[in-house]
Amino acid sequence: QVQLVESGGGLVQPGGSLRLSCASSGSIFIIYAMRWYRQAPGKEREFVAAITRGDSTNYADSVKGRFTISRDNAKNTVYLQMNSLKPEDTAVYYCNADIVTDLTLRGYWGKGTLVTVSS
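Residues numbered from 1 in each chain as written. Predicted model: local features only at pLDDT ≥ 70, side-chain atom pairs only at ≥ 80, totals over all residues. Heavy atoms only, no water.

J.: Before we go on, may I ask you to explain the environment of Leu114 in this structure?
T.: Positionally, Leu114 belongs in strand 11 (residues 113–117). When the C-alpha atoms of Leu114 and Gln39 are compared, they prove to be 9.5 Å apart, with 75 residues separating the residues in sequence. (Helix = DSSP H or I, 4+ residues; strand = E, 2+ residues; numbered from the N terminus.)

Here it is as structure tokens:
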């Protein structure tokens, strides 16, 4: 059974930084793309950032230049470095990954970690 667990969320003041981690575990053969999404109170879940196995990255316009996504394939972990945080970044951040187990590719989701940006 594959599991994704996010960590690193918390309370931070505007302009501050946080580093989120998402560790994957279980019967993993290979992880392709890994992504971060977020869902603010009363809003739909939205895309934040993505990274391929070849380390190509893509960011939502709202976080471009402030957030950096990276991955450690040996640890099956993806990170999201968040700098210059704004109150509008407040949300539950979810990890998403495309993972091959027994010759089957499917998407997996973590349960989220809460980021609160407030003074």
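J.: Is there a simple way to explain the pattern of salt bridges in this structure?
T.: Note that side chains of opposite charge can pair when their charged atoms are close. For the coordinates displayed, the defined rule picks out five salt bridges. Where Arg38 meets Asp89, a salt bridge forms, and the shortest distance between an N and an O atom there is 2.9 Å. Taken as a pair, Arg38 in strand 4 (residues 30–39) and Asp89 in the loop between strand 8 (77–82) and strand 9 (91–100) lie far apart in primary sequence, 51 residues in all. For Arg38, a relative accessible area of 5% translates into the label buried. Across the salt bridge formed by Asp61 and Lys64, the nearest N and O atoms sit 3.2 Å from each other. (Salt bridge = Lys/Arg side-chain N within 4 Å of Asp/Glu carboxyl O. Buried < 20%, exposed > 50% of the residue type's maximum accessible area, 1.4 Å probe, protein only.)

J.: Please clarify how the side chain of Asn96 should be interpreted in this entry.
T.: As for its position among the elements, Asn96 is in strand 9. Of the polar contacts made by the side chain of Asn96, one reaches the side chain of Arg35; its length is 2.7 Å. Within the structure, Asn96 has its side chain in polar contact with the backbone oxygen of Tyr108 (distance 3.1 Å). Ignoring sequence-local partners within four residues, the contact set of Asn96 consists of Leu4, Ala33, Met34, Arg35, Tyr37, Tyr108 and Trp109. (Polar contact = N/O pair within 3.5 Å; in protein donor to acceptor, adjacent residues only side chain to side chain. Contact = heavy atoms within 4.5 Å.)

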